[in-house]
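Chain by chain, the residues run as shown.
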Protein chains: 2
Amino acid sequence: MSSITLTSPLDMHIHFREGDMMNLVAPLSAESFAGGVIMPNLVPPVDNLDRLLAYKTAVFQAISPHTFDPYMTLFFRDYSEAELEAAKPHIIGIKLYPAGITTNSEGGVASLKDAEQVMARMEALNIPLLVHGETDGFVMDREAEFLTTYESIAKKFPNLKIVMEHITTKKAVSLLDQFENLHATVTLQHLIITLDDVAGGLLNPHLFCKPIAKRPEDRDALLEAALNAHPKLSFGSDSAPHPIHKKEAAGCAAGVFTAPIALPVLAELFEQHEAVNNLQAFISDNAQRIYGVTPPQKEVTLTKTPYTVPQSYGNVVPFKANETLNWSISNIA
Amino acid sequence: MSSITLTSPLDMHIHFREGDMMNLVAPLSAESFAGGVIMPNLVPPVDNLDRLLAYKTAVFQAISPHTFDPYMTLFFRDYSEAELEAAKPHIIGIKLYPAGITTNSEGGVASLKDAEQVMARMEALNIPLLVHGETDGFVMDREAEFLTTYESIAKKFPNLKIVMEHITTKKAVSLLDQFENLHATVTLQHLIITLDDVAGGLLNPHLFCKPIAKRPEDRDALLEAALNAHPKLSFGSDSAPHPIHKKEAAGCAAGVFTAPIALPVLAELFEQHEAVNNLQAFISDNAQRIYGVTPPQKEVTLTKTPYTVPQSYGNVVPFKANETLNWSISNIA
């Protein structure tokens with residue numbers, strides 16, 4: 001196999017940020033992806049319709065002239081039914097962060113019990129719930145500990161579409177098959193790395209993210225689900241740019257910047273595991289079906305031509321910086 | 001309790017380095033400690049008597065005019081009986097590193113089977129074996145996986161004194177009680193931190209070390225053993241300075257620099273847990289008995305007077321930089 005053509009690739013979890021950072025990173029996604037889910041954890045968060053519409057306008061300015069559908073999200077709070085009804089045509093879902101669990105999540109949900117009324121309203125209006133599913137427990141256990149919460153929400157609101165964002169554990173993969181209304185996204189790095197890559201040799205701040213990369217058996221389960229294009233799993237890069245001075249620092253911010261190299265790396269990974277035929281489903285078809293979206297037409301052709309990842313994009317160091325990939329994007333139409 | 005006097009505190013695991021770094025860090029240990037075990041993983045390693053004696057001379061120059069006994073170690077290799085006999089009066093033990101497992105350990109032991117002949121010679125000559133006990137497995141499992149190796153060496157060489165260096169797991173603590181010839185050191189940071197402190201919030205390169213900090217239940221077991229002055233456990237800081245540009249970097253070197261603040265932090269920790277009466281045993285008496293050493297007399301008095309840890313010593317950022325400790329050293333005599 002020397003060429004792969006993907007139709008309308010989607011990235012169902014992206015951090016576009018704002019201002020200069022958005023101007024840097026948003027075009028890098030919009031060039032090769034046909035659409036993506038834009039996270040709302042800005043400062044202040046995107047938690048009302050005015051802010052969301054203004055942010056969407058800024059996104060369109062940043063990605064111009066690329067064709068790209070930004071699927072907008074609201075930051076979970078106690079929304080009224082009227083607010084949800086007004087927001088519904090403009091959003092793909094509402095993102096719930098337990099308070100303080102990741103970058104700019106300080107205003108997140110402190111008690112999931114208190115969130116149930118809004119979940120019921122979302123269920124009634126058929127608005128998906130996207131969740132950063134971690135407890136505040138020991139870092140390696142946070143996702144596994146949160147799974148009972150997913151179970152309880154899934155049972156209590158059987159018609160609420162729930163997306164377990166950026167899953168990192170074998171247990172989360174297993175849970176996908178137990179509840180019809182549970183779905184998931186998985187990042188690029190969690191298909192490839194484990195905690196060993198972050199902290200097993202020299203410490204690598206550029207691979208530090210939340211949820212943190214887990215054990216080899218977790219990575220293997222995620223990879224298997226992706227390679228098989230598990231029908232309830234979508235690609236969501238969680239591409240999260242931070243300037244280099246916030247990564248190579250005493251207190252290193254969480255996030256791996258993968259958007260511009262995600263498609264070549266996925267091509268390499270799926271080819272290596274003889275699963276190229278499943279890449280279209282993983283990168284777009286599953287998401288179209290799960291979220292009910294119809295992205296703009298975009299044909300991305302990748303060829304088996306070596307490509308060396310830049311050391312940085314602006315002041316952001318990407319995943320696999322300076323490494324040479326076997327695949328590269330040769331045409332976008 | 002407002003003052004604690006410690007007699008001849010010992011640090012049974014220190015990295016003094018060489019050159020400028022040794023001139024910076026060695027006096028900081030020698031000021032408040034009466035002696036310590038000096039690690040041999042230099043480049044090239046301290047693996048012959050000439051190099052060891054020259055290094056010892058350099059250590060004495062660096063610590064002058066402080067009174068401090070440097071207990072020297074050789075880097076494990078295939079030593080002949082004659083070499084071991086010649087070295088014995090000058091060393092406290094031989095340090096075994098599995099190849100490539102930590103800083104400057106590339107020349108370590110690739111096959112433990114091949115090391116047995118030297119271990120037999122060491123046993124016959126009553127030379128202690130100090131071990132960096134990690135496999136090359138998943139980073140959180142490396143010490144636990146190595147415990148069977150400790151067991152097998154302890155059984156095969158019942159008269160060989162073995163020190164499990166810088167233990168980090170509850171399982172290693174348990175192993176102490178199962179073999180008479182097994183002993184251990186524990187660092188300052190492993191009594192205090194878990195992986196959560198390294199990678200649970202922002203990533204903290206200054207808390208990254210090998211073995212990596214483990215789970216809360218591991219930290220609790222280590223702390224309990226230290227607070228009870230477990231008779232087979234000595235304090236060994238594993239104080240491991242790296243210049244700031246090697247810590248706050250894309251590839252961060254492993255090591256926490258604790259030597260200059262170890263005694264105040266231990267005073268605070270033992271007082272907080274109402275175990276001050278056991279600190280003398282943990283910080284000196286156990287080591288004197290286990291290693292058969294008689295350090296120079298040094299009385300270190302600590303008082304409950306707040307002390308703010310410097311942001312750096314030279315170009316090295318210490319553990320608890322900028323934090324205010326409740327205890328400080330008020331007199332050394």
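A short tour of the structure in this document, coming up.

Rotating chain A by 180° and moving it 0.0 Å along the rotation axis overlays it on chain B with an RMSD of 0.0 Å. Such a combination of turn and shift is consistent with a two-fold rotation axis. Closest approach to the rotation axis among the C-alpha atoms of chain A is made by E248 of chain A, whose C-alpha sits 2.5 Å away. The residues that chain A uses at the interface reappear at the interface of chain B in 100% of cases, marking a shared surface.

What follows deals with the sheet that holds strand 10 (residues 299–303) of chain A. Residues and elements named next belong to chain A. In spatial order, the strands read 1-10-13; together these three strands make up an open sheet with antiparallel pairing. Among the strands making up the open sheet, the edge pair consists of strand 1 (3–7) and strand 13 (328–332). The average undirected angle you get between the axes of adjacent strands in this sheet is 30°. Taken together, the four bridges between strand 10 and strand 13 define a ladder with antiparallel strand orientation. Paired with T303 across the strands is S328, a residue of strand 13. Against the sheet, helix 10 (residues 262–272) engages strand 1, strand 10 and strand 13, with an angle of about 55° to strand 10.

Let us now look at the interface of chain A and chain B. Taken together, the contacts link 23 residues of chain A with 23 residues of chain B. Sorting elements by how many residues they give to the side of chain A that touches chain B places helix 7 (residues 195–199) of chain A first, with three residues. Among the residues forming the side of chain A that touches chain B, the class breakdown is 15 nonpolar, five polar and three charged.

The next thing to look at is the sheet that holds strand 6 (residues 129–131) of chain B. Residue and element names in this part refer to chain B. Read across the sheet, eight strands follow the order 2-3-4-5-6-7-8-9 without closing on themselves; strand pairing throughout is parallel. Two strands bound the open sheet, and with one partner strand each, they are strand 2 (10–14) and strand 9 (233–235). When strand polarity is set aside, the average angle formed by the axes of neighbouring strands in this sheet is 25°. Looking at chain direction, strand 4 (residues 69–75) and strand 5 (residues 93–96) are connected through three bridges and run parallel. Across the sheet, the residue bridging to T73 is G93, located in strand 5. Helix-sheet contacts for helix 2 (residues 49–63) involve strand 3 (35–38) and strand 4, and the interaxial angle to strand 4 is about 150°. Together, strand 2, strand 8 (182–186) and strand 9 form the strand contacts of helix 11 (residues 279–291), whose direction differs from that of strand 9 by roughly 125°.

Geometrically, the link from K210 of chain A to P211 of chain A is a cis peptide bond, its omega value of 0° lying close to zero. Note that P211 of chain A resides in the loop between helix 7 and helix 8 (216–227). One non-glycine residue with positive phi stands out, namely A229 of chain B, at about 50°. Positionally, A229 of chain B belongs in the loop between helix 8 (216–227) and strand 9. Judged by the 20 C-beta atoms lying within 10 Å of it, A229 of chain B is buried.

A few words on helix 1 (residues 19–32) of chain B. All names here are of chain B. Of all the bends in helix 1, the greatest reaches close to 25° and is centred on V25; the proline P27 follows between one and four positions later. Of the residues making up helix 1, those classed as buried are M22, V25, A26, L28, S29, A30 and S32. In this structure, the buried residues of helix 1 make contact with strand 2, strand 3, helix 2, helix 10 (262–272), strand 10 (299–303) and strand 13 (328–332).

So, on to the environment of L52 of chain B. Structurally, the position occupied by L52 of chain B is in helix 2. Taking the C-alpha atoms as reference, L52 of chain B lies 8.4 Å from H90 of chain B; in sequence the two are 38 residues apart.

This part takes up the pairing of strand 8 of chain B. Side-chain direction in a regular strand flips from residue to residue, so the side chains alternate between the two faces of the sheet. All names here are of chain B. The buried fraction of strand 8 amounts to five of the five residues, a majority that puts the element mostly inside the structure. Here strand 8 shows a buried face lined by L182, A184 and V186 and a second buried face lined by H183 and T185. Relative to strand 8, strand 7 (residues 162–164) is paired through three bridges, and the arrangement is parallel. Each residue of the ladder has a partner; that of M164, found in strand 8, is A184. Relative to strand 9, strand 8 is paired through three bridges, and the arrangement is parallel. Note on strand 9: the bridge partner recorded for V186 is F235.

The next subject is the pairing of strand 5 of chain B. Residue and element names in this part refer to chain B. Where burial is concerned, the two faces of strand 5 agree: the one with G93 and K95 and the one with I94 and L96 are both buried. A crossover connection joins strand 4 to the parallel strand 5 through helix 3 (residues 81–87); in handedness this β-α-β unit is right-handed. Of the pairings in the sheet, the one linking strand 5 to strand 6 comprises three bridges and is parallel in character. Each bridged residue has a counterpart across the sheet, and for K95 the counterpart in strand 6 is L130. Handedness of the strand 5-helix 4 (residues 116–125)-strand 6 crossover: right-handed.

A word on the environment of Y307 of chain A. All names here are of chain A. Mapping Y307 onto the fold places it in strand 11 (residues 307–308). Residues Y307 and W327 lie 20 residues apart in sequence; the distance between their C-alpha atoms is 6.5 Å. Y307 has contacts with P264, T324, L325 and S328, leaving out every residue within four places of it along the chain.

Scoring rules and cut-offs
- Residues numbered from 1 in each chain as written.
- Chains lettered and ligands numbered in written order.
- Predicted model: local features only at pLDDT ≥ 70, side-chain atom pairs only at ≥ 80, totals over all residues.
- Least-squares fit on C-alpha atoms with pLDDT ≥ 70 in both.
- Contact = placed C-beta atoms within 7 Å.
- Pairing = 2+ DSSP bridges.
- Helix = DSSP H or I, 4+ residues; strand = E, 2+ residues; numbered from the N terminus.
- Axes fitted to C-alpha atoms, helices over the stretch in contact; angles between N-to-C directions.
- Nonpolar A, V, L, I, M, F, W, Y, C, P; charged D, E, K, R; others polar.
- Buried ≥ 20, exposed ≤ 12 C-beta atoms within 10 Å, placed from the backbone.
- Bend = angle between axes of the 7 residues up to and from the residue.
- Right-handed = clockwise from strand over helix to strand, strands pointing away.

Remember that the coordinates give geometry; whether it matters functionally is a separate question.
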